[in-house]
Every structure is written in C-alpha cells, then in structure tokens.
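# An overview of the molecular structure
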Amino acid sequence: MAALITAAFKFYDFLFVELADPRTNHLPLVGNPFHGLAIIGFYLYFVLNLGPRLMEGRDPLNVKNLMTVFNIFQIGSSVFIFYKCLVLGWGPGGHYKLFCQPVDFSDDPAAVEIAWYVWFYMILKFIDLLDTVFIVLRKNQRQVTFLHVYHHTGVAIALWGAVKYYPGGHGTILGVINSFVHAIMYGYYLLTTIAPEYKKSIWWKKYITKMQLTQFVFLGLHAVSVLLIPSCEYQCKYIYAAIMVPQNFFMFMLFYNFYVQAYGSGAKNKSKAS
C-alpha cells in the first residue's frame with residue numbers, strides 16, 4: 001500500500017509539476033488542478049441541479065444591472081485580448097507565423113508576456129461561467145442546453161491545459177478569433193439587456209451564429225495544418241490536433257443544429273404561425 005501511495009504521489013508530481021511550464025504553474029488555478037475542477041464541478045451542480053431547485057416557486061431575479069456590468073466587462077476584455085494578440089504575435093507586425101508557430105518556453109520578456117496573457121484569457125473563460133448562472137437566476141432554464149453548458153466547460157478545461165503546459169504558439173490563434181467573435185456577441189447581449197426590443201431583430205443573432213460556425217471551421221482547419229506540414233515545429237502538434245480537430249467538428253455540428261432549428265425553414269414557419 002505504501003508503495004502504491006508513493007507511486008501515486010510521484011505520478012502526480014510528474015504530471016502536474018515536472019511537465020508543467022514553470023512560468024505559469026505558480027499562477028492562480030494552474031498549479032493545483034483541483035481548484036479549477038472544483039469551480040467547474042460547482043458550476044455544473046448549480047446550473048443543472050441546485051439553481052433550478054432554489055428558483056422553483058420563486059419569481060425570476062432582476063439581474064439586469066449585473067448583466068449590464070458583466071456584458072460591458074466581457075466586451076472590454078475581449079477587445080483587449082484581441083488587441084494584445086495582434087500586438088504580441090498575430091498582427092501584421094507580429095513575429096508569429098500563421099501555421100506551426102512553436103511555443104517559446106524561454107524567459108524572454110515577450111514570451112513570458114504571451115504566457116501570462118494566455119493565463120488571463122483562461123481566467124476570462126472561467127468568468128464566462130457566470131453567463132449560465134444569470135440564465136438560471138432569471139428562470140430561463142430552457143436556455144441551459146447541452147450545447148451551452150458543454151461549450152463553457154470544455155473551453156475552460158482546454159485552456160487550463162494550454163496554460164499549464166503550452167502557453168503560446170500555434171494554439172493562441174483561438175484567442176484572436178474567439179475574442180473577436182465574443183466582442184460582437186456580448187455587444188449584442190448588452191444591447192438586448194438594455195433595450196429588450198432589439199431581440200425582435202432576429203438577424204443580429206443569426207449572423208453571430210454564422211460567425212461562430214465560421215470560427216469552428218477555421219480553427220479545425222488550422223489544427224489539421226500541424227499534421228499536414230512535415231516540417232511543423234509546434235511542440236504539441238499531435239496532442240493539439242487530437243483535441244482541437246474533433247472538438248471543433250463537434251462544436252460545428254452542435255451550432256449548426258442550433259442554427260437550423262432557430263433560423264431554418266421550420267423555424268420560420270413556426271414563427272409565422274405564432
């Protein structure tokens with residue numbers, strides 16, 4: 001038994017300390033995997049079980065002011081991340097190449113700054129979980145779909161892995177694309193929170209969904225590229241492709257199914273009948 005416990009501790013140390021990037025492993029939520037898992041676990045328990053039970057028999061809470069602040073924060077942080085991605089690597093004057101950009105694990109100030117912003121981007125994805133909490137508090141449980149919950153939890157977990165082991169390089173293209181889409185998406189949410197009548201302008205959300213579909217196609221192809229280029233220097237290209245290719249395909253199918261149900265011919269006929 002003592003030997004098994006010793007082996008387990010050694011494996012834990014190897015997996016979460018030796019393999020980790022020392023530049024980010026000391027940052028909040030990174031070093032110990034259980035902190036992030038606890039947040040994800042409570043999030044799932046609250047939005048799928050505890051929250052609906054607490055709100056049962058109660059009137060929806062008025063969280064308009066909280067949602068307004070939340071949406072403004074999301075817009076500002078998304079624009080900021082998009083700007084930093086362009087300045088630090090992906091912009092016209094940046095040093096990142098579009099395909100197979102390796103991770104710089106050195107202590108060069110620019111590489112350390114990129115690693116830090118990958119961590120900051122992960123923190124933003126954990127803050128994103130509040131989006132579902134607001135839905136539950138407003139008693140719109142029908143919006144707590146598998147797509148919604150899976151998307152939020154999956155992105156947070158995947159980014160935790162990126163921060164801990166590979167904070168930089170090829171995979172950071174996600175920050176460029178996703179932050180741009182989120183800035184527009186939360187701009188729509190802000191408008192509909194302040195002025196609910198904008199919800200009647202169905203094309204707003206329709207084209208945001210099209211942008212998300214385009215995002216998944218691009219990210220999937222970008223992930224495939226690391227396997228198609230023999231000289232690719234991206235250090236975790238096989239792990240990255242194994243995660244990102246099926247993930248983006250799966251997300252595309254889920255969002256496409258949502259798009260067809262929400263904006264397809266059947267949805268239009270249902271809207272006219274109503």
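Residues numbered from 1 in each chain as written. Predicted model: local features only at pLDDT ≥ 70, side-chain atom pairs only at ≥ 80, totals over all residues. Heavy atoms only, no water.

Assigned secondary structure in the chain consists of ten helices and zero strands. Seen in sequence order, the chain has helices and strands lined up from the N terminus as α-α-α-α-α-α-α-α-α-α. Put simply, the chain has 274 residues, and 45% of those count as buried. Taken as a whole, the chain presents about 15,100 Å² of accessible surface, with 69% of it coming from carbon and sulfur. (Helix = DSSP H or I, 4+ residues; strand = E, 2+ residues; numbered from the N terminus. Buried < 20%, exposed > 50% of the residue type's maximum accessible area, 1.4 Å probe, protein only. Areas by Shrake-Rupley, 256 points an atom, 1.4 Å probe, with all protein chains shown as cover.)

With that settled, the discussion passes to helix α2 (residues 33-55). For an α-helix the count is 3.6 residues per turn, leaving residues at separations of three or four pointing the same way. Given a rise of 1.5 Å per residue, 23 residues ought to cover 33 Å, and the 31 Å separating the end C-alpha atoms of α2 matches this to within 8%. Along its length, α2 shows its largest kink, about 55°, at Phe46. Packed against the buried residues of α2 are α1 (2-18), α4 (109-127), α5 (130-137) and α6 (146-165). With a side-chain oxygen positioned 2.8 Å from the backbone nitrogen of Phe34, the residue opening α2 is Asn32. Note on α2: the residue one or two positions beyond its end, Gly57, has a positive phi of about 80°. (Expected span 1.5 Å × (residues − 1). Bend = angle between axes of the 7 residues up to and from the residue. Contact = heavy atoms within 4.5 Å. Polar contact = N/O pair within 3.5 Å; in protein donor to acceptor, adjacent residues only side chain to side chain.)

Per the UniProt annotation, the sites labelled "transmembrane region" (unreviewed entry) are residues 34-51, 63-83, 114-137, 149-167, 173-192, 213-232 and 238-260. Split by type, residues 149-167 is 89% helix and 0% strand. Its first and last C-alpha atoms lie 25 Å apart. Helix makes up 80% of residues 213-232 and strand 0%, whereas the separation of the span's terminal C-alpha atoms amounts to 27 Å. (UniProt positions renumbered as here; feature names shortened; annotations may be inferred.)

Unlike most non-glycine residues, Leu29 shows phi in positive territory, near 75°. Checked against the element boundaries, Leu29 lands in the loop between α1 and α2. With a phi close to 60°, Cys100 is a non-glycine residue in the positive phi region. Given the relative accessible area of 3%, Cys100 is considered buried.

On to the packing of α2 against α6, then. Look at α2 against α6: their axes get within 11 Å of each other, and the N-to-C directions meet at 175°. Overall, the two elements α2 and α6 adopt an arrangement that is roughly antiparallel. Between α2 and α6, the residues in contact are Pro33, Ile40, Tyr43, Leu44 and Leu48 and His148, Val149, His152, Thr153, Ala156, Ile157 and Trp160, respectively. Across the contact of α2 with α6, the residue classes break down as nine nonpolar, three polar and no charged. (Axes fitted to C-alpha atoms, helices over the stretch in contact; angles between N-to-C directions. Parallel < 35°, antiparallel > 145°, perpendicular 65-115°, else oblique. Nonpolar A, V, L, I, M, F, W, Y, C, P; charged D, E, K, R; others polar.)

The next thing to look at is the state of the cysteines. Going through the model one piece at a time under the given rule, you end up with one disulfide. Free cysteine: Cys85, not disulfide-bonded; nearest cysteine sulfur from Cys236 at 16 Å. Summary of cysteine pairing: Cys236 is not part of a disulfide, and the nearest cysteine sulfur, belonging to Cys232, is at 9.4 Å. The exposure class assigned to Cys236 is buried, which follows from its relative accessible area of 7%. (Disulfide = S-S within 2.5 Å.)

Here a ring pair, both rings aromatic, is described through the centre-centre distance and the interplanar angle of the planes. Enumeration according to the criterion identifies 26 aromatic pairs in this entry. With a centroid separation of 5.7 Å and an interplanar angle of 5°, the aromatic rings of Trp116 and Phe120 are classed as stacked. Highlighted residues: Trp116 and Phe120, both in helix α4, separated by four residues, approximately one helical turn. Using a relative accessible area of 37% as the deciding quantity, one classes Trp116 as partly exposed. (Phe/Tyr/Trp six-rings, centres within 6.5 Å; stacked < 30°, edge-to-face > 60°.)

This part takes up the side chain of His152. Relative to the assigned elements, His152 resides in helix α6. Residue His152 is classed as buried on the basis of its relative accessible area of 8%.

With respect to the helices and strands, the residue Ala38 is situated in helix α2. Taking the C-alpha atoms as reference points, Ala38 and Tyr263, 225 residues apart in sequence, are found 37 Å from one another.

Where helix α3 (residues 64-90) meets α4, the closest approach of the two axes is 11 Å, and the angle between their N-to-C directions is 155°. Looking at the two axes, α3 sits roughly antiparallel to α4. Considering how the two elements wind past one another, α3 and α4 form a crossing that is left-handed. Where α3 abuts α4, its residues Phe70, Phe73, Gln74, Ser77, Phe80, Ile81, Lys84 and Leu88 lie against Glu113, Ile114, Tyr117, Phe120, Tyr121, Leu124 and Ile127. (Left-handed = near helix turned anticlockwise from the far one by under 90°.)

Phe46, Val47, Trp119, Met122, Phe126, Tyr234 and Tyr240 are the most contacted members of the largest nonpolar core, which has 59 residues in total. Listing elements by their share of this core, those giving two or more residues are α2, α3, α4, α5, α6, α7 (173-194), α8 (202-228) and α9 (237-263). Sort the elements by how many residues they give to this core and α4 lands first, with nine residues. Setting aside residues up to four positions removed in sequence, Tyr234 forms contacts with Cys100, Gln101, Pro102, Val103, Gly168, Gly169, His170, Gly171, Val226 and Tyr240. Core analysis: the second largest hydrophobic core is formed by eight residues, Leu213, Leu254, Tyr259 and Tyr263 among them. (Core = buried A, V, L, I, M, F, W, Y, C linked by side-chain atoms within 4.5 Å.)

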